[in-house]
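Structural overview
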Amino acid sequence: MPLVVCSSAPNLLRPFADIDYRRRFCRHCLTTASTSSVKRCTMYSNDGDYPGLKDGEVSTGTTIMAIPTKDGVIMGADCRVSSGIYVVNRTSDKLSQLSEHIFCGRSGSAADLQALTEYVRFYLQQLSVETGREPTVKTAAHIMRRICYDNKERLLAGVIVSGWDSVDGYSVYQIPIGATCLKVPFAISGSGSTYIWGLVDSQFRPDMTVDEGRALVKKSIAHAMARDGSSGGSIRTVLITPTSNDRDYTPGNQLPFGPTGF
């Protein structure tokens, strides 16, 4: 079990289990030290683990979003894959195609989500062959929800499913961790979403044009990347229409907000 150094008592190594995970100081300081000592108390693991995480668990994060416009659904995501304090991949593609006009945005464990999208893609292809028609966005979202719910104790997956189908037209579904499935006007997810809800609430309109929608997606994700340490790299977007899927890539030195846009 990793040991933790408490700054208010640096000569003592605490077992990892003695950390108060929510308030992020050791229980020794909580019960015996003064209030000022508790405020100063921080923990550093002697093997590089983050305080508050389970043994073997790593900190991850991302920013994904999807908004419908008059002429298509636009999905966007940052490109950073992180493992604790390490950036594993700075150009990852977090927008996975599930069917001809259905995509999903992935947030959570990269390994879990890669396996999850492969399963859903397989089931949708099988359904398309059996029924002779393209699956709906609702069907894709509920298959995703079912797999996430049945394995919610083993998966770390927050997903946005959006696209176009001949039944419902453009639609967006959000499946947060815990596997609730919600049809929403627009969706934002990931660790960076906390910073941009107000921005998107104030600027989103159902009658936005494609150019306005794509500009809002890029601006919002760029703002999240500037504030969230687990989001970064560059921005990928995709415009989903009944006839095509138009992908776009914005490199890190051309972001609409951030170090080059202040």
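Residue numbering note: each chain is counted from 1, following its sequence as written. For a predicted model such as this one, the threshold for reporting local features is a pLDDT of at least 70, and the threshold for listing and counting side-chain atom pairs is 80 or more; totals across whole chains, interfaces and linings nevertheless cover every residue. Side-chain calculation: all heavy atoms of the structure are included, whereas hydrogens and water are not.

The next thing to look at is the pattern of salt bridges. Should a side-chain nitrogen of Lys or Arg be within 4 Å of a carboxyl oxygen of Asp or Glu, the pair is scored as a salt bridge. The tally for this structure, following the rule as stated, stands at eight salt bridges. Of the charged contacts, one joins Arg 205 and Asp 207 as a salt bridge, the two residues approaching to 3.2 Å between their closest N and O atoms. Using a 1.4 Å probe on the protein chains alone, a residue whose accessible area is under 20% of its type maximum counts as buried, one over 50% counts as exposed, and one in between counts as partly exposed. Residue class for Arg 205 comes out partly exposed when judged on its relative accessible area of 36%. You can call Asp 207 partly exposed: its relative accessible area is 44%. With a closest N to O distance of 3.3 Å, Arg 214 and Asp 246 form a salt bridge. Placement of the pair is Arg 214 in helix α6 (residues 210-227) and Asp 246 in strand β17 (residues 245-250), with a sequence separation of 32 residues. Strands are runs of DSSP state E lasting at least 2 residues, helices are runs of H or I lasting at least 4, and numbering of each runs from the N terminus.

For the rest of this paragraph, the subject is the side chain of Thr 63. Structurally, the position occupied by Thr 63 is in the loop between β5 (43-45) and β6 (64-69). Overall, Thr 63 belongs to the buried group, its relative accessible area being 0%. Among the polar contacts listed, one links the side chain of Thr 63 to the side chain of Ser 231, at a separation of 2.8 Å. We call two residues in contact when some of their heavy atoms are within 4.5 Å. Not counting the four nearest positions on each side in its chain, Thr 63 is found in contact with Gly 76, Ala 77, Asp 78, Ser 189, Gly 192, Ser 193, Ile 196, Ile 221, Ala 224, Asp 228 and Ser 231. As used in this structure description, the phrase polar contact means that two N or O atoms lie within 3.5 Å; if the pair is within protein, one of them must be able to donate a hydrogen and the other to accept it, and residues adjacent in sequence are counted only when both atoms belong to side chains.

This part is about the pairing of strand β13 (residues 169-175). Judged by how many residues are buried, β13 sits mostly within the fold: six of seven residues are covered. DSSP calls a pair of strands paired once it identifies at least 2 bridges connecting them. Note that strand β12 (residues 157-165) and β13 share seven bridges and pair antiparallel. Within β13, the position partnered with Ile 160 by the bridge is Gln 174. Hairpin geometry of β12 and β13 is characterised by an intervening segment of three residues between the two adjacent antiparallel strands. Both β13 and strand β14 (residues 182-183) contribute to a ladder of two bridges, which runs antiparallel. Of the residues in β14, the one forming a bridge with Gln 174 is Leu 182.

Bringing the sheet that holds strand β11 (residues 102-108) into the picture now. Strand order in the open sheet formed by five strands is β10-β11-β12-β13-β14, with antiparallel pairing between adjacent strands. Either end of the sheet is taken by a strand with one partner, and the two such strands are β10 (95-99) and β14. In the packing of helix α3 (residues 110-131) onto the sheet, the strands contacted are β10, β11 and β12, and the crossing angle to β10 comes to about 20°. Lines fitted to C-alpha atoms define the axes, with helix axes restricted to the stretch in contact, and inter-axis angles between N-to-C directions lie between 0 and 180 degrees. Each of β10, β11, β12 and β13 touches helix α4 (residues 137-150); the most contacted strand, β12, lies at about 165° to it.

It is worth spelling out the environment of Thr 131 at this point. Inspection of the secondary structure puts Thr 131 in helix α3. Owing to a relative accessible area of 34%, Thr 131 belongs among the partly exposed residues under this scheme.

For the rest of this paragraph, the subject is the packing of α3 against α4. Helix-helix packing is described using two parameters, namely the angle between the two axes and the distance between the axes. Here α3 crosses α4 at 135°, and the two axes come no closer than 10 Å. Judged by the angle between their axes, α3 and α4 are oblique. Between α3 and α4 lies a crossing of right-handed hand. Counting all contacts with α3, which are made through Leu 116, Tyr 119, Val 120, Tyr 123, Leu 124 and Leu 127, the residues of α4 involved are Thr 139, Ala 140, Ile 143, Met 144, Ile 147 and Cys 148. Its residues assigned to classes, the contact of α3 with α4 comprises eleven nonpolar, one polar and no charged. Throughout, the term roughly parallel applies to angles under 35 degrees, roughly antiparallel to angles over 145, roughly perpendicular to angles from 65 to 115, and oblique to all others. Handedness of a crossing is defined here by the sense of rotation of the near helix relative to the far one, left-handed for an anticlockwise turn of less than a right angle and right-handed for a clockwise turn. When residues are grouped by polarity, Ala, Val, Leu, Ile, Met, Phe, Trp, Tyr, Cys and Pro land in nonpolar, Asp, Glu, Lys and Arg in charged, and all others, Gly among them, in polar.

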